[in-house]
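# Survey of secondary and tertiary structure
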Amino acid sequence: MKQIKIVDFPFCNANAIHRYASTRNILITPLTSDDIPKDYEILVIPGVGKFHQAIDYLQQQNLHSVIHEYLNNNISIGICLGMQILLLGSDESPDSKGLGILKGFCRKIPSSPLFRIPHVGWNSLVPNIEHQNIFTDHNIEFSQSDYYFVHSYYCSLDDSSLVSSSFEHPESNLLTASLQYENRVFGFQFHPEKSGKAGYALLDHVVFQT
Amino acid sequence: MKKRVIPSILLGQGTSCQISTGFTPWRTVGTLAQQLKLHISRQADELLILSPSVRITKNSRALALISREVDIPISYAGSISSISDAMECISGGFEKIFLTSLFYDSPSSVRSIVDVLGSQSVGISLVYKYYQVGDSQEPYLWDYRTKTFTSVHLNEAVNLATSVGVGEILFYNADLDGTLSGLDIELLHRLRDLDVNVPLLIAGGAGTDEHFHQALSNYKVSGVVAASVFSLTESTPTTVREYCSERHIEMRKI
């Protein structure tokens, strides 16, 4: 029976994750510094707010080391800011160091008359077809749907093979919409928990089939 | 980016929901649970809860219903006067808050909220009406609390809103509210000349699928917020999406 450990940021809307878990009868509990990863547990790092707030909270709660334990051993899902903090840092908070699980930095989305910032609303994904990932199987219903984005920064990864899907930007071509690392760590810049049926199907796939 | 159809829900007493005309509630249209289910089943892209008289708090029945029913983005507007109010809304389950009174009274407080929550979580709702200035009608902010004009021109308000860092601006024509007579065409023309790069929403007057199409055809408009049309006519978010998609507006793929 799967269970979710959630990083319980106080400034973040975690209700949507709780709702998903309740519809799937999954027990969901806050991550604490004393937790020891069990193989049936899935780590969820949600996130709304600013990069430094998330990092400061992890430090205050002494969660750095336990998060690394989970990220190195368990299926883990970072959503929005929760994905961004997996990287080394962010232009949003230059003085804060990220978790550094993945090499790369979060950059401000380039401003353009044809692309409003924040990037808010529903957008399509462009799967990274050069590398097998959860979005390359077009038979799966969620690979064709639109998802809800709300952010101003994006993940610029050193290793582009970790990008599982992107969204189109009129001047910068493709920017990271999701990432996948060792079929264990999944990052979504969009909010699957707020993207209706398609988002729930995507979460189901990660939670139950990976 | 896909254009958005955003039903708004005006909360009355308890969890009853109302529609308004000219910013005055006039008819109850069901309960919050009914409205949420209805709009989600009709494939709304996003929802906006308006609670002008009583702020939704963490333990309110309304918030419990929202947490239970909603798997799409939902924003909130109403009686937010501090950072802690704003944080309570976000941690309670809303993606975004829209501020109006606080922006009128203390734009610097809006800046403080943006600094904490990030611009993507904070929008401004600019309620306006047209005022005769010489030979022309000019849009000025209208204070729905006192039902009087302010001295702030809409262009000035937009500049101020962007300077305090908000991530979205909702233009709400108070005269057209609830009339079903069409969105503000004059504003749509004016938006073309407006130098602003955050998403813009428009509300007040939508009464047919074509009204949505007119507004969403404007490349600066990201979405339309509407209420009465979804209670008093046969239009639904689904029919609007189909109508606009057939006319080459990029709408969400379900």
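As the structure is a computational prediction, the values presented were derived from the model and not from experiment. (Residues numbered from 1 in each chain as written. Chains lettered and ligands numbered in written order. Predicted model: local features only at pLDDT ≥ 70, side-chain atom pairs only at ≥ 80, totals over all residues. Heavy atoms only, no water.)

## What about a nonpolar patch on the surface?
There is a patch of nonpolar side chains on the surface, built from Tyr131, Val133 and Phe149 of chain B and spanning about 250 Å² of accessible area. Within the element layout of this structure, Tyr131 of chain B appears in strand S7 (residues 122-133). (Patch = residues over 30% accessible without salt bridge, like charges linked within 9 Å, V, L, I, M, F, W, Y side chains within 5 Å. Areas by Shrake-Rupley, 256 points an atom, 1.4 Å probe, with all protein chains shown as cover. Salt bridge = Lys/Arg side-chain N within 4 Å of Asp/Glu carboxyl O. Helix = DSSP H or I, 4+ residues; strand = E, 2+ residues; numbered from the N terminus.)

## With respect to the packing of aromatic side chains
For the coordinates displayed, the defined rule picks out 17 aromatic pairs over all chains. Following the ring pairs from residue to residue traces out a cluster consisting of Phe115, Phe135, Tyr147, Phe149, Phe167, Phe188 and Phe190 of chain A. Over the face of the ring belonging to Trp142 of chain B we find Lys129 of chain B, whose NZ or CZ atom lies 4.2 Å from the ring centre. Lying across the ring of Tyr243 of chain B, Arg247 of chain B places its NZ or CZ 3.5 Å from the centre. (Phe/Tyr/Trp six-rings, centres within 6.5 Å; stacked < 30°, edge-to-face > 60°. Lys NZ or Arg CZ within 6 Å of the ring centre and 35° of its normal.)

## Some remarks on the interface of chain B and chain A
On the chain A side, the residues contacting the 42 residues of chain B number 36 residues. Taken together, chain B and chain A are joined by 3 salt bridges. Measuring nitrogen to oxygen at the nearest pair gives 2.7 Å for the salt bridge that ties Lys2 of chain B to Asp146 of chain A. In this structure, the connection of chain B to chain A is made through 17 residue pairs in polar contact (both at pLDDT 80 or more). Of all elements in the fold, only helix H2 (61-69), helix H3 (83-92) and helix H5 (107-117) of chain B reach the threshold of two or more residues within the side of chain B that touches chain A. Looking at the side of chain B that touches chain A residue by residue, the classes come out as 17 nonpolar, 11 polar and 14 charged. (Contact = heavy atoms within 4.5 Å. Polar contact = N/O pair within 3.5 Å; in protein donor to acceptor, adjacent residues only side chain to side chain. Nonpolar A, V, L, I, M, F, W, Y, C, P; charged D, E, K, R; others polar.)

## Remarks on the confidence of the model for chain B
Averaged over all residues, the pLDDT of chain B equals 94, while 100% of them reach at least 70. Interface predicted TM-score (ipTM) for the complex: 0.87; the corresponding pTM is 0.91. (pLDDT = per-residue confidence, 0-100.)

## Quick notes on the pattern of salt bridges
One pass over the structure, following the stated rule, counts 24 salt bridges over all chains. For Lys194 of chain A, the salt bridge is made with Glu95 of chain B, and the minimal N-O distance between the two is 3.3 Å. Here Glu95 of chain B lies in the loop between H3 and strand S6 (96-99) and Lys194 of chain A lies in the loop between strand S13 (185-188) and helix H5 (196-209), a pairing that spans two chains. Accessibility expressed as a relative area gives 3% for Lys194 of chain A, which makes it buried. Its salt-bridge partner being Arg241 of chain B, residue Asp45 of chain B comes within 2.7 Å of it at the nearest N-O pair. One end of the pair, Asp45 of chain B, is in the loop between helix H1 (32-41) and strand S4 (47-50); the other, Arg241 of chain B, is in helix H10 (residues 237-246), and 196 residues separate them in sequence. Asp45 of chain B sits in the buried class, given a relative accessible area of 0%. (Buried < 20%, exposed > 50% of the residue type's maximum accessible area, 1.4 Å probe, protein only.)

## Here we look at the packing of H3 of chain B against H5 of chain B
Residues and elements named next belong to chain B. Close contact between H3 and H5 brings their axes to 10 Å; oriented N to C, the two are set at 40°. Of the possible angle classes, the one that applies to H3 and H5 is oblique. Here the hand of the crossing between H3 and H5 comes out right-handed. Here H3 contributes Ile83, Ala86, Met87 and Ile90 to the contact with H5, which in turn contributes Ser112, Ile113, Val116 and Leu117. Among the residues making up the contact of H3 with H5, the classes are represented as 7 nonpolar, 1 polar and no charged. (Axes fitted to C-alpha atoms, helices over the stretch in contact; angles between N-to-C directions. Parallel < 35°, antiparallel > 145°, perpendicular 65-115°, else oblique. Left-handed = near helix turned anticlockwise from the far one by under 90°.)

## Let's talk about the sheet that holds strand S1 (residues 3-6) of chain A
Residues and elements named next belong to chain A. Taken in spatial order, the 8 strands line up as S2-S1-S3-S4-S13-S12-S11-S8 in an open sheet, and their pairing is mixed. Of all the strands in the sheet, just strand S2 (27-30) and strand S8 (126-127) have a single pairing partner and so form its edges. Lying over the sheet, helix H3 (residues 64-73) contacts S1, strand S3 (41-45), strand S4 (76-79) and S13, oriented at roughly 120° with respect to S3. (Pairing = 2+ DSSP bridges.)

## Section: the sheet that holds strand S5 (residues 89-90) of chain A
All names here are of chain A. With mixed pairing, 3 strands are arranged side by side in an open sheet as S5-S6-S10. Here the strands that pair on one side only, and so sit at the sheet edges, are S5 and strand S10 (153-157). Direction of pairing for S5 relative to strand S6 (residues 104-108): parallel, over a ladder of 2 bridges. Counted as the bridge partner of Gly89 is Phe105 from S6.

## Comments concerning the side chain of Ser90 of chain A
Along the chain, the position of Ser90 of chain A falls in strand S5. Not counting chain neighbours up to four residues away, the residues in contact with Ser90 of chain A comprise Phe51, Phe105, Cys106 and Tyr153 of chain A.

## Regarding the nonpolar core
With 84 residues, the main nonpolar core has Ile49 and Phe171 of chain B as its most contacted residues. With 6 residues, the top contributor of residues to this core is S7 of chain B. Once you skip the residues sitting within four places of it in the chain, Phe171 of chain B turns out to touch Leu126, Tyr128, Leu154, Val158, Leu187, Leu191, Leu194, Leu200, Leu201, Ile202 and Ala203 of chain B. One finds Ile42, Ile109, Phe135 and Phe167 of chain A within the second-largest nonpolar core, a separate group that totals 37 residues. (Core = buried A, V, L, I, M, F, W, Y, C linked by side-chain atoms within 4.5 Å.)

## Quick look at H1 of chain B
A turn of α-helix holds 3.6 residues, and therefore any two residues three or four places apart point the same way. Residue and element names in this part refer to chain B. Looking only at H1, the buried set comprises Leu32, Ala33, Gln35, Leu36 and His39. Down the axis of H1, the smallest arc covering the buried residues is 165°, so these residues share one side. Of the residues flanking the end of H1, it is Gln43, one or two places downstream, whose phi is positive at about 65°. (Arc of directions from axis to C-beta.)

## A closer look at the pairing of strand S11 (residues 200-203) of chain B
Residues and elements named next belong to chain B. Burial of the side chains of S11 extends over both faces: Leu200 and Ile202 are buried on one face and Leu201 and Ala203 on the other. Across 4 bridges, strand S10 (residues 168-173) lies against S11 in parallel orientation. In the strand pairing of S11, Leu170 is matched with Leu201. Running through helix H7 (residues 185-192), the crossover from S10 to the neighbouring parallel element S11 is right-handed. With 4 bridges joining them, S11 and strand S12 (residues 221-226) adopt parallel strand pairing. From the neighbouring strand, Leu200 faces S12, where its bridge partner is Val221. Between the parallel elements S11 and S12, the chain passes through helix H8 (residues 209-216) in a crossover that is right-handed. (Right-handed = clockwise from strand over helix to strand, strands pointing away.)

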